[in-house]
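Breakdown of the fold
Residues per chain, in single letters:
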Amino acid sequence: MPQIISSTKLRNNYNAVSQECHASPDPVFVTKNGVGDLAVMGIDQYEQMKVRLDFYEFLLEGRRDVEKGRVSDAHAAASSLRERYGI
């Protein structure tokens, strides 16, 4: 479950918050004057999230290609690659 902390707690307890961010896959949400301001996470968790988002974007691009009819059958694609790369 995500944790919500104040910016004051982040400032006064940075090391503890940092440890928590690295230990949990969920971000720590930081409020400023009672209003959501930041989402903080460990760099490893961020990189994993970024890889997932990039993959989802790649899948979405493929889906758009299918919807627009920009497809070819596997045999034609393989033949085209063989010709292009001399395989």
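Our structure is the block above this text.
Reading guide: rules and limits
Residues numbered from 1 in each chain as written. Predicted model: local features only at pLDDT ≥ 70, side-chain atom pairs only at ≥ 80, totals over all residues. Heavy atoms only, no water. Helix = DSSP H or I, 4+ residues; strand = E, 2+ residues; numbered from the N terminus. Pairing = 2+ DSSP bridges. Axes fitted to C-alpha atoms, helices over the stretch in contact; angles between N-to-C directions. Contact = heavy atoms within 4.5 Å. Core = buried A, V, L, I, M, F, W, Y, C linked by side-chain atoms within 4.5 Å. Buried < 20%, exposed > 50% of the residue type's maximum accessible area, 1.4 Å probe, protein only. Phe/Tyr/Trp six-rings, centres within 6.5 Å; stacked < 30°, edge-to-face > 60°. Expected span 1.5 Å × (residues − 1). Polar contact = N/O pair within 3.5 Å; in protein donor to acceptor, adjacent residues only side chain to side chain. Salt bridge = Lys/Arg side-chain N within 4 Å of Asp/Glu carboxyl O.

With respect to the secondary-structure elements, His22 resides in helix α2 (residues 14-23). Residues His22 and Gly42 lie 20 residues apart in sequence; the distance between their C-alpha atoms is 4.8 Å.

All right, on to the sheet that holds strand β1 (residues 3-6) then. Taken in spatial order, the three strands make up an open sheet running β1-β2-β3, and their pairing is mixed. Each having just a single partner strand, β1 and β3 (35-40) make up the two edges of the open sheet. Between one strand axis and the next, the sheet turns through 35 degrees on average, direction left out of account. Of the pairings in the sheet, the one linking strand β2 (residues 28-32) to β3 comprises five bridges and is antiparallel in character. Following the sheet pairing, Val28 is matched in β3 by Val40. α2 contacts β1, β2 and β3 of the sheet and is inclined by roughly 140 degrees relative to β2.

Glancing now at the nonpolar core. One finds Ile5, Leu10, Val17, Cys21, Val28 and Val30 forming the largest nonpolar core, which totals six residues. In contact with Val17, not counting residues within four places along its chain, are Ile5, Lys9, Leu10 and Val28.

In total, this model carries one aromatic pair according to the counting rule given. With 6.4 Å between their ring centres and 50 degrees between their planes, Phe55 and Tyr56 make a pair best called tilted. Given a relative accessible area of 45%, Phe55 falls into the partly exposed group.

The subject of this paragraph is helix α4 (residues 74-85). Between the first and last C-alpha of α4 there are 16 Å, a value that for 12 residues agrees with the 16 Å anticipated at 1.5 Å per step. For α4, the N-terminal capping position is held by Asp73, with its side-chain oxygen 3.0 Å away from the main-chain nitrogen of His75. One or two positions beyond α4, positive phi appears at Gly86, with a value near 60 degrees.

Of note in the backbone geometry, Asn33 takes a positive phi value of approximately 55 degrees without being a glycine. Tracing the chain through its elements places Asn33 in the loop between β2 and β3.

Turning our attention to the side chain of Thr31. For Thr31, the location among the structural elements is in strand β2. Excluding its chain neighbours within four sequence positions, the residues that come into contact with Thr31 are Ile4, Ile5, Ser6, Ser7, Gly36 and Asp37.

Quick look at the pattern of salt bridges now. Scanning the entire structure with this criterion turns up four salt bridges. A salt bridge links Lys50 to Asp54, with the nearest nitrogen and oxygen atoms 2.9 Å apart. Note that Lys50 and Asp54 are positioned in helix α3 (residues 43-67) at a spacing of four residues, about one turn of the helix. A relative accessible area of 41% places Asp54 in the partly exposed class. Between Glu57 and Arg64 there is a salt bridge, with its nearest N and O atoms 3.7 Å apart.

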